[in-house]
Amino acid sequence: LTAEAYPKVHRNPDYKVLNDEDLKFFHSILDDDEIIEANGDDLVTYNQDWMNKYRGQSNLVLLPKSTEKVSKIMKYCNEHKLAVVPQGGNTDLVGASVPVFDEIILSLRQMNKVREFDPVSGAFKCDAGVVMRDAHQFLSDNDHIFPLDLPSRNACQVGGVVSTNAGGLNLLRYGSLHGNVLGLEVVLPNGEIISNIDALRKDNTGYDLKQLFIGAEGTIGVITGVSILAAPKPKALNNTFIGLESFDIVQDLFVKAKKELSEILSAFEFMDNGSIKCTIEYLKDEPFLLKKQHPFYVLIETSGSNQQHDQEKLSAFIKSALEEKLISESHMAADIDEYNKIWTWRKSVPPACNSYGGMYKYDMSLKLKDLYSVSDAVTKRLNAAGLIGDAPKPIVASVGYGHVGDGNIHLNIAVREFTKQIEDLLEPFVYEYIQSKKGSISAEHGIGFHKHGHLHYSRSEIEIRFMKEIKKHYDPNAILNPYKYV
Ligand code: MLT
Ligand code: ZN
């Protein structure tokens, strides 16, 4: 899709159109390798999201290497009413990190240094542009782990995941970023730098301002530095991949896992058979982990300090689940290679769904008893319209998977092409369904451009009014990440 395909949104004429004088200013404060100007299609990787769904038309990417430079850029843009989109690894899923029109892209990718690590408290401080994989590697070398992991870990950046309040694969164990982030350094739209990056674990002196920037998707400030609590590296990691016959059993198994694996349980992820069918095609030569296919699959991970103890505990759990006929089949990792392989089957679901051309994507919180029902309802609706099947039908599959431990389902509609007919079948149906079940239309992927204007399905009028007031307070000229969020 291009901006012409956004019929309901128009470029706000209050924003200045970039001119030579602006470029002269940016060149006066930045080095040559901190500026990329449009040259044919050069900026496409910055203008377009990885799902090929959103594409802006920015002519300028700024890649400052310091917080002070970010501050100078923001101050100038604010004074001249130039709209700005902050961008991390651009792995976003709701069109939050790409421009809609000609907004300047402010990439944090050249602010990529680890600042400090305290192995006693576990406080880890880094620039916002550190890639999550590199944060994991640094901490692993120091016997710790970053308290969040994602399928996009090789590209997403620490500042980006904090800005979007990403949840990830181990939230069940390590909690959300609202608990793990110790402090932030943020550049406000007027260029002021607000920092509590040296924050302590406990600090009750007034409002906890940093919380507002966690999940604000760069609409009220640009996160330039993060301090986060790293967890000690588990000595023992085990996982198992399980086939089972219904989503009711998935829930029974979750209750059993909490009871019997208790303190070592660190992930409980589910996938339906549609997710795995796409992944089998995507991973091509990789042999499937189980003897046959099942309606549902669960990946359970344990993390602890004693390999033998944890392995015995997980084996006993699987044995008893088989005896109780809760599960049909399971494959437990015998070593670290198999452990990684099992995770590959879960982490490959998003790229597998995207590999046919693109995908429509929804990310919802629901009561566990209702969690899978939204996927059933949507698949039924798309099937009734005759849209799912082999080419030339536009939809390859409509699949559900996600984080049972967090009550979070992802719905991916893998498509060969984006069409208005599919869109009209999906929306507002999906949102109305979630509202009727008192769920949330965004569990972890955020609002961005996709869900802009849809907050009322999950938030009250007064909540939305407060959000708008906050936006106005921090960003009175509305230059940060426009056309999105509130
Ligand atoms: C996941 O759980 O895999 C992530 O939220 C990313 C995604 O769904 O695409
Ligand atoms: Zn997720």
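Worth saying up front: this structure is predicted, and the values here are computed from it rather than measured.

1. What to know about the site of ligand 1
Ligand 1 sits among Leu93, Pro151, Arg346, Pro350, Lys361, Tyr401, His403, His410, Glu444 and His445. Arginine 346 places a polar side-chain atom, nitrogen or oxygen, 2.6 Å from an oxygen atom of ligand 1. Relative to its unbound accessible surface of 260 Å², ligand 1 loses 93% to contact with the protein. Considering only residue class, the shell around ligand 1 consists of four nonpolar, three polar and three charged.

2. Things to note about the pattern of salt bridges
Scanning all chains against the criterion turns up 25 salt bridges. Among the salt bridges present, the one from lysine 75 reaches glutamate 79, with a minimum N-O distance of 3.1 Å. Of this pair, lysine 75 and glutamate 79 both sit in helix 3 (residues 67-80), four residues apart, roughly one helical turn. Lysine 319 is the salt-bridge partner of glutamate 323, the closest N and O atoms lying 3.6 Å from each other. A residue pair is termed a helical-turn pair when its members lie 3 or 4 positions apart in one helix, as glutamate 323 and lysine 319 do in helix 11 (residues 307-323) at four residues. Accessibility classification places glutamate 323 together with lysine 319 in one group, the exposed group.

3. Some details on the domain arrangement of the protein
It is common to give the size of an interface as the accessible area that goes away when the parts come together. Splitting the protein by domain gives domain 1 (3-110), domain 2 (114-232), domain 3 (243-348) and domain 4 (356-445). Computed over C-alpha atoms only, the centres of domain 3 and domain 4 are separated by 24 Å. Across the boundary between the two partners, domain 3 contributes 15 residues, which contact 16 residues of domain 4. Taking both partners together, domain 3 and domain 4 bury about 1,300 Å²; carbon and sulfur atoms supply 64% of that area. Between the two partners, domain 3 and domain 4, sit seven residue pairs in polar contact (both at pLDDT 80 or more). Those elements giving two or more residues to the side of domain 3 that touches domain 4 turn out to be helix 9 (247-260), strand 13 (265-272) and helix 10 (273-283). In terms of residue count, the dominant contributor to the side of domain 3 that touches domain 4 is strand 13 (five residues). Residues belonging to the side of domain 3 that touches domain 4 are distributed by class as follows: eight nonpolar, three polar and four charged.

4. A word on helix 16 (residues 429-436)
Every buried residue of helix 16 is listed here: Val430, Tyr431, Tyr433 and Ile434. The buried residues of helix 16 occupy an angular sector of 160 degrees when projected down its axis, which confines them to one face. On its buried side, helix 16 packs onto strand 16 (358-365), helix 14 (373-384) and helix 15 (420-426). Lysine 438 sits one or two positions beyond helix 16 and adopts a positive phi of about 55 degrees.

5. Here we look at the packing of helix 9 against helix 11
In the contact formed by helix 9 and helix 11, the axes pass within 11 Å of each other and the chain directions differ by 145 degrees. Pair helix 9 / helix 11 crosses with right-handed handedness. Contacts between helix 9 and helix 11 involve Leu253, Lys256, Ala257 and Glu260 from the former and Lys313, Phe317, Ser320 and Ala321 from the latter. Class assignment for the residues of the contact of helix 9 with helix 11 results in four nonpolar, one polar and three charged.

6. Brief notes about the environment of methionine 111
On the secondary structure map, methionine 111 appears in the loop between strand 4 (104-107) and strand 5 (114-117). The contact partners of methionine 111, leaving out residues within four places of it in the chain, are Pro64, Lys65, Ser66, Thr67, Val70, Asp127, Ala128, Gly129, Val130 and Thr224.

7. Quick look at the pairing of strand 8 (residues 181-187)
By the criterion of burial, strand 8 is predominantly enclosed, with seven of the seven residues buried. Bridging between strand 8 and strand 10 (residues 222-229) involves six bridges; their strand directions are antiparallel. Its bridge partner being in strand 10, valine 181 is matched across the sheet by isoleucine 228.

8. Thoughts on the pairing of strand 10
Burial runs high along strand 10: eight of the eight residues are buried. Where strand 6 (residues 123-127) lies against strand 10, five bridges are found, and the strand directions are antiparallel. When the sheet's bridge partners are listed, lysine 125 is paired in strand 10 with serine 227.

9. Points about the coordination of the zinc ion (ligand 2)
Donor atoms from the polypeptide that coordinate the zinc ion (ligand 2) comprise His403 (NE2), His410 (NE2) and Glu444 (OE), at 1.9 to 2.1 Å from the metal. Here the donor residues of the zinc ion (ligand 2) share one chain and are spaced in sequence as H-x6-H-x33-E. Of this pair, histidine 403 sits in strand 17 (residues 395-403) while glutamate 444 sits in the loop between helix 16 and helix 17 (461-474), and the two are 41 residues apart along the sequence. With respect to class, histidine 403 is no different from glutamate 444; both count as buried.

10. Regarding the packing of aromatic side chains
Both the distance between ring centres and the angle between the ring planes are used here to describe each pair of aromatic rings. If you walk through the whole model with that rule in mind, you get 25 aromatic pairs. Between phenylalanine 247 and phenylalanine 270, the ring centres sit 5.2 Å apart and the planes meet at 65 degrees, which makes this aromatic pair edge-to-face. Placement of the pair is phenylalanine 247 in helix 9 and phenylalanine 270 in strand 13, with a sequence separation of 23 residues. Pair check on accessibility: phenylalanine 247 and phenylalanine 270 agree, each one buried. For the pair tyrosine 362 and tyrosine 431, a centre-to-centre distance of 6.0 Å together with 70 degrees between the ring planes defines the contact as edge-to-face. With tyrosine 362 in strand 16 and tyrosine 431 in helix 16, this residue pair connects regions lying 69 residues apart in the sequence. For the pair formed by tyrosine 362 and tyrosine 431, the shared burial category is buried. By the ring-pair criterion, three or more aromatic residues cluster together here, those being Phe117, Phe124, Phe138 and Phe146. Here the guanidinium or amino end of arginine 465 rests over the ring plane of phenylalanine 466, the centre of that ring lying 5.8 Å away.

Thresholds, definitions, all that
- Residue indices begin from 1 for each chain and proceed along its sequence in written order.
- Whichever chain is written first is A, and whichever ligand is written first is 1; the rest continue in order.
- Given that the model is predicted, a residue must reach a pLDDT of at least 70 before its local features are reported, and side-chain atom pairs must reach 80 or more before they are shown or counted; all residues, however, enter totals for whole chains, interfaces and linings.
- With hydrogens and water set aside, each side-chain value is computed from the structure's full complement of heavy atoms.
- Any residue with a heavy atom positioned within 4 Å of a molecule or strand is treated as near that molecule or strand.
- The term polar contact refers here to a pair of N or O atoms within 3.5 Å; inside protein, the definition further demands a hydrogen-donor-capable atom paired with an acceptor-capable atom, and it admits residues adjacent in sequence only when both atoms are side-chain atoms.
- Areas reported as accessible are Shrake-Rupley estimates using a 1.4 Å probe. Residue values count occlusion only from the protein chains shown.
- Residues are grouped as follows: Ala, Val, Leu, Ile, Met, Phe, Trp, Tyr, Cys and Pro are nonpolar; Asp, Glu, Lys and Arg are charged; every other residue, Gly included, is polar.
- Criterion for a salt bridge: a side-chain nitrogen of Lys or Arg within 4 Å of a carboxyl oxygen of Asp or Glu.
- Put simply, DSSP H or I for four residues or longer makes a helix, DSSP E for two residues or longer makes a strand, and each gets a number counted from the N terminus.
- Type-normalised accessible area, obtained with a 1.4 Å probe on protein chains alone, sets the label of each residue: buried when under 20%, exposed when over 50%, and partly exposed for intermediate values.
- All the domain ranges listed were derived from an automatic or database domain assignment.
- Residues count as neighbours in contact if any of their non-hydrogen atoms are within 4.5 Å of one another.
- When two parts are brought into contact, each loses some accessible area as probed by a 1.4 Å sphere; the total of that loss over both is the buried area.
- Working note: the arc is built from the helix axis to C-beta atom directions.
- Fitted lines through C-alpha atoms serve as axes, helices being fitted only where they are in contact, and the angles separating the N-to-C directions of these axes extend from 0 to 180 degrees.
- We call a crossing left-handed when the near helix sits turned anticlockwise from the far one by less than a right angle, and right-handed when that turn is clockwise.
- Strand pairing requires that DSSP identify at least two bridges connecting the strands.
- Distances decide who is a donor: an N, O or S atom must be within 2.8 Å of the metal, or within 3.2 Å for Na, K and Ca. Water is not included, so sites may look incomplete.
- For Phe, Tyr and Trp, rings pair up if their centres lie within 6.5 Å, where Trp contributes its six-membered ring, and each pair is then called stacked (planes under 30 degrees apart), edge-to-face (over 60) or tilted (otherwise).
- Think of it as a cone above the ring: NZ of Lys or CZ of Arg counts as a charge over the ring if it is within 6 Å of the ring centre and within 35 degrees of the ring normal.

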